[in-house]
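Below, each chain spelled out in residue letters.
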Amino acid sequence: MNESSLASTAALDVDILIVGAGPAGLYGAYYAGFRGLRVAVLDALAEPGGQVSAMYPEKAILDVAGFPAVKGRDLIEGLLAQAAPFEPIYLLGEQALGLSHDASGNAVVTTGKGRTITAGAVVITGGIGTFTPRPLTKGLDFLDRGLSYFVPELAAHEGKDVVIVGGGDSAFDWAVHLEPIANSVTLVHRRDKFRAHRSTVAKVHDSSVRVLVNADIAAVRGNGWIAEVDIAHTLEKSTTTLPAQSVIAALGFTADLGPLAEWGLEIDSRHIVVNTRMETAVPRVYAAGDITDYPGKVRLIAVGFGEAATAVNNAAAVLDPDAEIFPGHSTEQEG
């Protein structure tokens, strides 16, 4: 990933600021570069990829055009490589806070690190917004010392006794991927019904993964690092102690628009309303991807790519009235 030295300065001036480094945002960075625009990408998460990198980097995605199957991690790496020749500025681990406009109509965004970014236009590609994992209260003292909420690297759990807490897609996906490399995998769920896809549930039941239902984490112990957990069995009113060097809490997350909710945008059920140009209700501010809403909206990564290109093209025409909204196909460019 190409990071400019300008990323460390307190003030920045770009043509387009993209808020959100998920798939739609990264494709928007490429397309802005393709249009000859200077672009910065801002994201509160410390790594690019948004929800894909945070929640399912190893999962195969089946509905991206041109790929029968592509791992989340590989998709993000490809998007970064596609944008790299245009040298976008990545501002990661930095949240967008306030929005105003200067005398020329440019958007002025302030960030949680005290930075001021002036941009000809802003494209919001924040996915589901700011998402926060629901905590495993019994293990908070071991956060980053055996307790985690996501699995960005499977290898970090290799050879360990892993306990996964949850009954949704993430919990079962991680169980499937960790079972071949972990010493043991135990999945703990407080109910006997699951929210995960049936095929994945069946795959877990057919594997060596131990599935404990009507159960919860009663205690987490260790000396600096997790060593064991107590599992409380609700119906039997008993407790089992298991070795565990890794506990993954896949308990879901809460999501909201955070400071973006104060930008004067038209919002419908935590989504930003846009028109066919991907314009929001605020001048010079566009949106694309899962965060948007309009009649007939379909929330797919593939749709987000097209919306990002639409937003950037329309923003380019606003920034330069002599520019065409559609610049032609990339195959028509020399290179």
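What you see is a predicted model, and the numbers here were worked out from it, not measured in a lab.

Rules used in this analysis
- Residues numbered from 1 in each chain as written.
- Predicted model: local features only at pLDDT ≥ 70, side-chain atom pairs only at ≥ 80, totals over all residues.
- Heavy atoms only, no water.
- Buried < 20%, exposed > 50% of the residue type's maximum accessible area, 1.4 Å probe, protein only.
- Helix = DSSP H or I, 4+ residues; strand = E, 2+ residues; numbered from the N terminus.
- Arc of directions from axis to C-beta.
- Contact = heavy atoms within 4.5 Å.
- Patch = residues over 30% accessible without salt bridge, like charges linked within 9 Å, V, L, I, M, F, W, Y side chains within 5 Å.
- Areas by Shrake-Rupley, 256 points an atom, 1.4 Å probe, with all protein chains shown as cover.
- Salt bridge = Lys/Arg side-chain N within 4 Å of Asp/Glu carboxyl O.
- Lys, Arg positive; Asp, Glu negative; His and termini not counted.
- Charge placed at Lys NZ, Arg CZ, Asp CG, Glu CD.
- Phe/Tyr/Trp six-rings, centres within 6.5 Å; stacked < 30°, edge-to-face > 60°.
- Core = buried A, V, L, I, M, F, W, Y, C linked by side-chain atoms within 4.5 Å.

**Q** Looking at this structure, how should I read helix H5 (residues 198–205)?
**A** Side chains that are three or four residues apart share a direction in an α-helix, a result of its 3.6 residues per turn. Those residues of H5 lying buried are Thr200, Val201 and Val204. For H5, the angular spread of buried residues about the axis comes to 100°, placing them on one side. Exposed residues lying more than 90 degrees from the buried face of H5 are Arg198, Ser199 and Lys203. On its buried face, H5 is in contact with helix H4 (169–178) and strand S13 (210–212).

**Q** Mind showing me how you'd approach a positive patch on the surface here?
**A** A surface patch of positive charge is lined by Arg134, Arg190, Arg191 and Arg195. Mapped onto the secondary structure, arginine 190 falls in the loop between strand S12 (184–188) and H5. You can call arginine 190 exposed: its relative accessible area is 55%.

**Q** Explain the packing of aromatic side chains here, please?
**A** The description of two aromatic rings rests on the distance between their centres and on the angle between their planes. The final tally for this structure, using the stated rule, is eight aromatic pairs. Measuring from ring centre to ring centre gives 5.5 Å for tyrosine 27 and tyrosine 30, while their planes differ by 45°; the resulting arrangement is tilted. A residue pair is termed a helical-turn pair when its members lie 3 or 4 positions apart in one helix, as tyrosine 27 and tyrosine 30 do in helix H1 (residues 23–34) at three residues. In this structure tyrosine 30 comes out as buried when scored by relative accessible area, which is 12%. On the basis of an interplanar angle of 70° and a centroid distance of 4.9 Å, the ring pair of phenylalanine 172 and phenylalanine 194 is categorised as edge-to-face. Taken together, the residues phenylalanine 172 in helix H4 and phenylalanine 194 in the loop between S12 and H5 connect sequence positions 22 residues apart. Judged by its relative accessible area of 0%, phenylalanine 172 falls in the buried class.

**Q** Would you mind showing me how to read unusual backbone geometry here?
**A** Note: most peptide bonds trans; most residues except glycine with negative phi. If you check the backbone angles, glutamate 87 has positive phi at about 50° while not being a glycine. Mapped onto the secondary structure, glutamate 87 falls in the loop between helix H3 (72–83) and strand S5 (89–92). Judged by its relative accessible area of 56%, glutamate 87 is exposed. Non-glycine residue lysine 237 carries a positive phi angle of around 55°. In this fold, lysine 237 is placed in the loop between strand S15 (226–233) and strand S16 (238–243).

**Q** Help me understand the nonpolar core, please; the structure alone is not making it clear to me.
**A** In terms of nonpolar packing, the biggest core is built from 62 residues, with Val14, Ile16, Leu17, Tyr27, Val122, Ile124 and Trp263 touching the most fellow members. Among the elements that make up this core, the one with the highest residue count is helix H6 (residues 301–319) (eight residues). Not counting residues within four places of it along the chain, the set of residues in contact with isoleucine 124 comprises Val19, Leu260, Trp263, Leu265, Ile272, Val285, Tyr286, Ala287, Ala288 and Ile291.

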